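# A structural walkthrough
Single-letter residue listing:
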Number of protein chains: 2
Amino acid sequence: MAIEVDDILRRNSLSVTDSRKKILSLFLSIHGALAHGDIERKAGEKFDRVTVYRTLQTFVEKGIIHTIPTTDNSVRYALCKDNCTEGHHHDNHIHFICMQCGSTLCLEEVLVPEVRLPKGFTSSEIEVVIKGICKECNNKKNSPIVETAGLRLRL
Amino acid sequence: MAIEVDDILRRNSLSVTDSRKKILSLFLSIHGALAHGDIERKAGEKFDRVTVYRTLQTFVEKGIIHTIPTTDNSVRYALCKDNCTEGHHHDNHIHFICMQCGSTLCLEEVLVPEVRLPKGFTSSEIEVVIKGICKECNNKKNSPIVETAGLRLRL
DNA sequence: ATTGTCGCGCAACTGAGTTGCAAAATCTAT
DNA sequence: ATAGATTTTGCAACTCAGTTGCGCGACAAT
Ligand SMILES: [Mn+2]
Ligand SMILES: [Mn+2]
Ligand SMILES: [Zn+2]
Ligand SMILES: [Zn+2]
C-alpha cells in the first residue's frame, strides 16, 4: 500500500512528499468521499490547512481524485477509479449521499442515465446526485434491537 | 404584474415590502436562474446585501423559489413553477447550465430519469444538472456571420 | 554531495455569508 | 385615519473557508 501510494504519485509526475502520501493513502483506505474538513481532521494535526487545499487541488488536476457537488454547497472528494488523466475526467457514475450516516458514495456500477434534452440543446456533461439511505444504514434498520443497560440499540 | 407580485407574497403570508416586490419581480421577469450576485447587481443599489440574503432565504422556505446546485459550488435560485409549499419542494425537473452564455435553466419539460440503485439503497431525492450549450447559443452558432466595421459578428 | 526546482508552513488577506440590534416599515385592530 | 404591536430593514461587526506571497526546507536529477 505504501508502495502503491508512491507509485500513483510517480505515475502522475508528482514529487513524493509526506503530505501527499498521507492524504492519498487516506483516500485509498476509506470507502467513500471525503470533505476538506474530514481530511484536515484526520491528517491535519501534522499538516497545514493550506497544504491540504493545495494537495487536493493538485490531485484533482492530475485526475487522481474528483469533486462531488452537493446541495448544501460543500465540496467532497473521491478517488477516480476510471483512469482519468490530467485535465480529463470521465467519471461516468452517479453519486449517493446518505442522509442518515452522512457518507457520500460513488456508485461506480450505476451509469448516468440517458436524458433526452429539448431540441436545440447539446450536453457535454451530466451530474447526478441522489439523496437517500445507504445500504448499510438500511441493513441496520432491519437488524434486531438489543437491550443493554437500559438502552435500546441496533447493531 | 405588480398585482401578481403582491398576490404571491400575500398567498404565502409574507408582508409586502419593497425589497420583496423588487426581487420577486426580477424572478418573474427573467427566464432562468439568478445567483445571489446577479440579484445584488440588479436590485442591490437600493437594498442591503443582508436584505437580499434574507429575502432569498424566506422565498426558499416558502417554496416560492428553489436552489440549484452547481459544480463550481455557487448556488443559484429559480422560481418554483410547480406548486411548492412551505417546507415541501417538488421541483421534479432537471437543470441545465450553458457553458457559453452562462445561464442556468430549469428544463421543466424534462423529468428526472429513473435510476436503478443497487440493492439495499433507497432514494428520496434526485438532482440532475447538465452542462452544455443552450438552444439560443446553438442557434447563434448557425446564424450567418455579419461583417461590420472590420468586425465579424454573429447575430 | 551539489545544485536547481518544487512543495511546505506561516502570516496576512479576501469575500461570502451570518448575527445582534436599533430604526423604519408594515400590518392589525380600533 | 391612528396607534400599538409585529415584522423587516440597514448597519456594523463578526466568522470562517479559501487564497496568496514569500522564505525556508525537502526533493530529484546529475
Ligand atoms: Mn465519484
Ligand atoms: Mn428548477
Ligand atoms: Zn448511511
Ligand atoms: Zn447559452
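Here the structure is shown first, and the text comes after it.
The present account deals with the structure reproduced in this document. What you are looking at is a predicted structure, and each value in this text was computed from that prediction instead of being measured. (Residues numbered from 1 in each chain as written. Chains lettered and ligands numbered in written order. Predicted model: local features only at pLDDT ≥ 70, side-chain atom pairs only at ≥ 80, totals over all residues. Heavy atoms only, no water.)

The next point concerns the protein's contact with DNA strand C. DNA strand C sits among 18 residues. The nearest are Ser 19, Arg 20, Thr 51 and Arg 54 of chain A together with Val 16 of chain B. Restricting attention to atoms of DNA strand C within 4 Å of the protein, one finds that 65% of them are sugar or phosphate atoms. Between DNA strand C and Arg 20 of chain A there is a distance of 2.9 Å, counted from a phosphate oxygen to a side-chain nitrogen or oxygen. At a separation of 3.4 Å, a phosphate oxygen of DNA strand C approaches a polar backbone atom of Asp 48 of chain A. Of all the secondary structure elements, the ones that give two or more residues to the surface near DNA strand C are helix H2 (18–29) and helix H4 (49–62) of chain A together with helix H4 (49–62) of chain B. Here the surface near DNA strand C takes four residues from H4 of chain B, the largest share from any one element. (Near = heavy atom within 4 Å. Polar contact = N/O pair within 3.5 Å; in protein donor to acceptor, adjacent residues only side chain to side chain. Helix = DSSP H or I, 4+ residues; strand = E, 2+ residues; numbered from the N terminus.)

The extent of an interface is frequently quoted as the accessible surface area lost upon association of the parts. Every contact between the two is made by 37 residues of chain A and, on the other side, 37 residues of chain B. With both sides pooled, the region where chain A packs onto chain B buries about 2,900 Å², and carbon together with sulfur makes up 61% of that total. Seen at the junction of chain A and chain B, the total is 12 residue pairs in polar contact (both at pLDDT 80 or more). Breaking the side of chain A that touches chain B down by element, the ones donating at least two residues are strand S4 (93–98), strand S5 (104–111), strand S6 (122–133) and helix H5 (135–142) of chain A. Among the elements that take part in the side of chain A that touches chain B, S6 of chain A stands out by supplying 12 residues, more than any other. Residues of the side of chain A that touches chain B, tallied by class, amount to 19 nonpolar, 10 polar and eight charged. The sheet contact formed by S6 of chain A and strand S6 (residues 122–133) of chain B spans 11 bridges and is antiparallel. Within S6 of chain B, the residue paired with Ile 126 of chain A across the bridge is Ile 130 of chain B. (Contact = heavy atoms within 4.5 Å. Buried area = accessible area lost by both parts, 1.4 Å probe. Nonpolar A, V, L, I, M, F, W, Y, C, P; charged D, E, K, R; others polar. Pairing = 2+ DSSP bridges.)

With that out of the way, let us pick up the coordination of the zinc ion (ligand 3). All names here are of chain A. At 2.2 to 2.4 Å from the zinc ion (ligand 3) lie its protein donor atoms, namely Cys 98 (SG), Cys 101 (SG), Cys 134 (SG) and Cys 137 (SG). For the zinc ion (ligand 3), the four donor atoms in the first shell make angles of 105 to 120° at the metal, so the coordination geometry reads as tetrahedral. Look at where the donors of the zinc ion (ligand 3) fall in the sequence and you get C-x2-C-x32-C-x2-C. On the basis of relative accessible area, Cys 98 is assigned to the buried category, the value being 2%. Assessed through its relative accessible area of 44%, Cys 101 is described here as partly exposed. (Donors = N, O, S within 2.8 Å, 3.2 Å for Na, K, Ca; no water. Tetrahedral: all angles 85-135°; square planar, octahedral: opposite > 155°, others 65-115°. Buried < 20%, exposed > 50% of the residue type's maximum accessible area, 1.4 Å probe, protein only.)

What is shown is where atoms sit, not what they do.
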